[in-house]
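Structural features, examined
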Protein chains: 2
Amino acid sequence: MTIRPAGAGRLSADDWIQAGYAILADDGLKALKIDRLCSRLCVTKGSFYWHFKDLAAFLKAVADRWGASRDERRAVIAELESLEPRERLSRMLDQFADPSGWALERAVREWARTDATVEARVAESDRWVFRAVRQVFVDLGFDADEADLRAKMLFYTAVGFIYVGPQGQRGGRRQRERMLDALTG
Amino acid sequence: MTIRPAGAGRLSADDWIQAGYAILADDGLKALKIDRLCSRLCVTKGSFYWHFKDLAAFLKAVADRWGASRDERRAVIAELESLEPRERLSRMLDQFADPSGWALERAVREWARTDATVEARVAESDRWVFRAVRQVFVDLGFDADEADLRAKMLFYTAVGFIYVGPQGQRGGRRQRERMLDALTG
DNA sequence: ACCTGAACACCGTTCAAGT
DNA sequence: ACCTGAACACCGTTCAAGT
């Protein structure tokens, strides 16, 4: 939230991870260099190596943190279980429609292409979310095949949207609801 | 297609670009280093700098080549115009369902996140394809709003699939056709 | 405990010299 | 025309020394 002013006390590992998140979201994995982190945090490289063994350890810490934030989102979605299916779907989609995490999400998926650990985390998160979406369609009374198909359409649409960004007319929440109506009707 | 055997004559700029494609698809943009290209082609760095001004010029050449291959695909899709809409959609989706280009497609989209030129090319390609898909739904008799919505669902589903890979049961062509039936019905 | 500053290895880049 | 091989600048890494 607040940017650490230059010379405002010592840093924690957390400060480095936050800065890593920001660089990742702004300019992607390629830009995530120690020098860049240092200039952002107004310290020299030695400081980095006091907090982290090496770049790989730092990146692992960043990935762990991302995994933790995914676990939080999973908990939020799990709590929707008590809602009726159509409403549950609506709330799930709200989670994805928030653009504030898209840049980071893309960056992490990009990262996953060249890092097996990150890839495994992303894949596990995808599987969990997909199953939750499929379950909604099962709860709506569709048979296994039909639920699978409809869950795919919705899930891939959401991921695809994060990558491509808005196309065509401005849709917004209204169009999202119409899409859900089409998929659940 | 064929790998250039070590010591088999001199290289062309084209050989470098091919090697670049392969590295990009295999291990992403981060792995696209001059040293890596050289060891793949069995030459030293000086050779690279005879063919290309610098790394940026090489990357531009690779991007141009990708743009050219997109123009070819665009032409293929444009030629489908004479087909009836439902069949046209089926053929379009066949273009996307071929996994052989997915790794490169992801790599180029990843690249686009940190390169404005590549980003512009990808965005233009996306716009063109999206409009072609939307036109099919218009031709099927849907009004502008409905065609826009259905085109989004199909387009984002295709892009999302390329990123996430198969989820749930094995779908294949049969499930693709069922999805098209659902979207066009 | 946390950081500086200088040192060293690696990859992008240059260039004179080779065939 | 096309390539080698050695040189140099940059960023990841180390470490003795500072507060």
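Let me begin by describing the structure that accompanies this report. (Residues numbered from 1 in each chain as written. Chains lettered and ligands numbered in written order. Predicted model: local features only at pLDDT ≥ 70, side-chain atom pairs only at ≥ 80, totals over all residues. Heavy atoms only, no water.)

Another point: the nonpolar core. By size, the foremost hydrophobic cluster in this structure holds 53 residues, and its most contacted members are Phe137(A), Leu154(A), Phe137(B) and Leu154(B). Elements supplying a minimum of two residues to this core: helix 5 (85-97), helix 7 (116-139), helix 8 (144-164) and helix 9 (172-184) of chain A together with helix 5 (85-97), helix 7 (116-139), helix 8 (144-164) and helix 9 (172-184) of chain B. Looking at which element gives the most residues to this core, the answer is helix 8 of chain B, with eleven residues. Leave out the neighbours within four places in its chain, and Leu154(B) touches Leu89(B), Leu93(B), Val133(B), Phe137(B), Met179(B), Leu180(B) and Leu183(B). (Core = buried A, V, L, I, M, F, W, Y, C linked by side-chain atoms within 4.5 Å. Buried < 20%, exposed > 50% of the residue type's maximum accessible area, 1.4 Å probe, protein only. Helix = DSSP H or I, 4+ residues; strand = E, 2+ residues; numbered from the N terminus. Contact = heavy atoms within 4.5 Å.)

Side chains of Lys30(A), Lys33(A), Lys30(B) and Lys33(B) sit close together on the surface and give a patch of like positive charge. In this fold, Lys33(B) is placed in the loop between helix 1 (13-27) and helix 2 (34-41). (Patch = residues over 30% accessible without salt bridge, like charges linked within 9 Å, V, L, I, M, F, W, Y side chains within 5 Å. Areas by Shrake-Rupley, 256 points an atom, 1.4 Å probe, with all protein chains shown as cover. Salt bridge = Lys/Arg side-chain N within 4 Å of Asp/Glu carboxyl O. Lys, Arg positive; Asp, Glu negative; His and termini not counted. Charge placed at Lys NZ, Arg CZ, Asp CG, Glu CD.)

What follows concerns the interface of chain A and chain B. At the interface, 39 residues of chain A touch 39 residues of chain B. Of the roughly 3600 Å² buried at the junction of chain A and chain B (both faces included), carbon and sulfur atoms supply 57%. Contact with chain B buries surface across chain A, with Arg113(A), Tyr156(A) and Gln167(A) losing the most and accounting together for 20% of the total. In this structure, the connection of chain A to chain B is made through four salt bridges. Residue Arg178(A) is joined to Asp145(B) by a salt bridge in which the shortest nitrogen-to-oxygen separation is 3.7 Å. Between the two partners, chain A and chain B, sit 17 residue pairs in polar contact (both at pLDDT 80 or more). Counting residues per element, the ones that place at least two in the side of chain A that touches chain B are helix 6 (102-112), helix 7, helix 8 and helix 9 of chain A. The class makeup of the residues in the side of chain A that touches chain B is 14 nonpolar, ten polar and 15 charged. (Buried area = accessible area lost by both parts, 1.4 Å probe. Polar contact = N/O pair within 3.5 Å; in protein donor to acceptor, adjacent residues only side chain to side chain. Nonpolar A, V, L, I, M, F, W, Y, C, P; charged D, E, K, R; others polar.)

Note on the identical chains: chain A maps onto chain B by a rotation of 180 degrees and an axial translation of 0.0 Å, with an RMSD of 0.0 Å. Overall, the copies show the geometry of a two-fold rotation axis. Of the interface residues in chain A, 100% have counterparts in chain B that sit at the interface too, so the contact is made through matching surfaces. (Least-squares fit on C-alpha atoms with pLDDT ≥ 70 in both.)

This paragraph deals with the protein's contact with DNA strand C. The environment of DNA strand C is formed by 17 residues, the closest being Arg10(A), Thr44(A), Trp50(A), His51(A) and Lys45(B). Near-protein atoms of DNA strand C (within 4 Å) split between backbone and bases, with sugar and phosphate holding 62%. Measuring from a phosphate oxygen of DNA strand C, one finds a side-chain N or O atom of Thr44(A) at 2.5 Å. Within the backbone of Ile34(B), one N or O atom sits 3.3 Å away from a phosphate oxygen of DNA strand C. Looking at the surface near DNA strand C, the elements with two or more residues in it are helix 3 (45-51) of chain A together with helix 2 and helix 3 (45-51) of chain B. With four residues, the top contributor of residues to the surface near DNA strand C is helix 3 of chain A. (Near = heavy atom within 4 Å.)

Here the focus is the pattern of salt bridges. Residues and elements named next belong to chain A. Applying the stated criterion across every chain yields a total of 44 salt bridges over all chains. The salt bridge involving Arg 109 is made with Asp 126; its shortest N-O contact spans 2.8 Å. Highlighted residues: Arg 109 in helix 6 and Asp 126 in helix 7, separated in sequence by 17 residues. Residue class for Asp 126 comes out buried when judged on its relative accessible area of 5%. Here the salt bridges do not stand alone but share partners, grouping Arg 86, Asp 94, Arg 173, Arg 176, Glu 177 and Asp 181 into one network.

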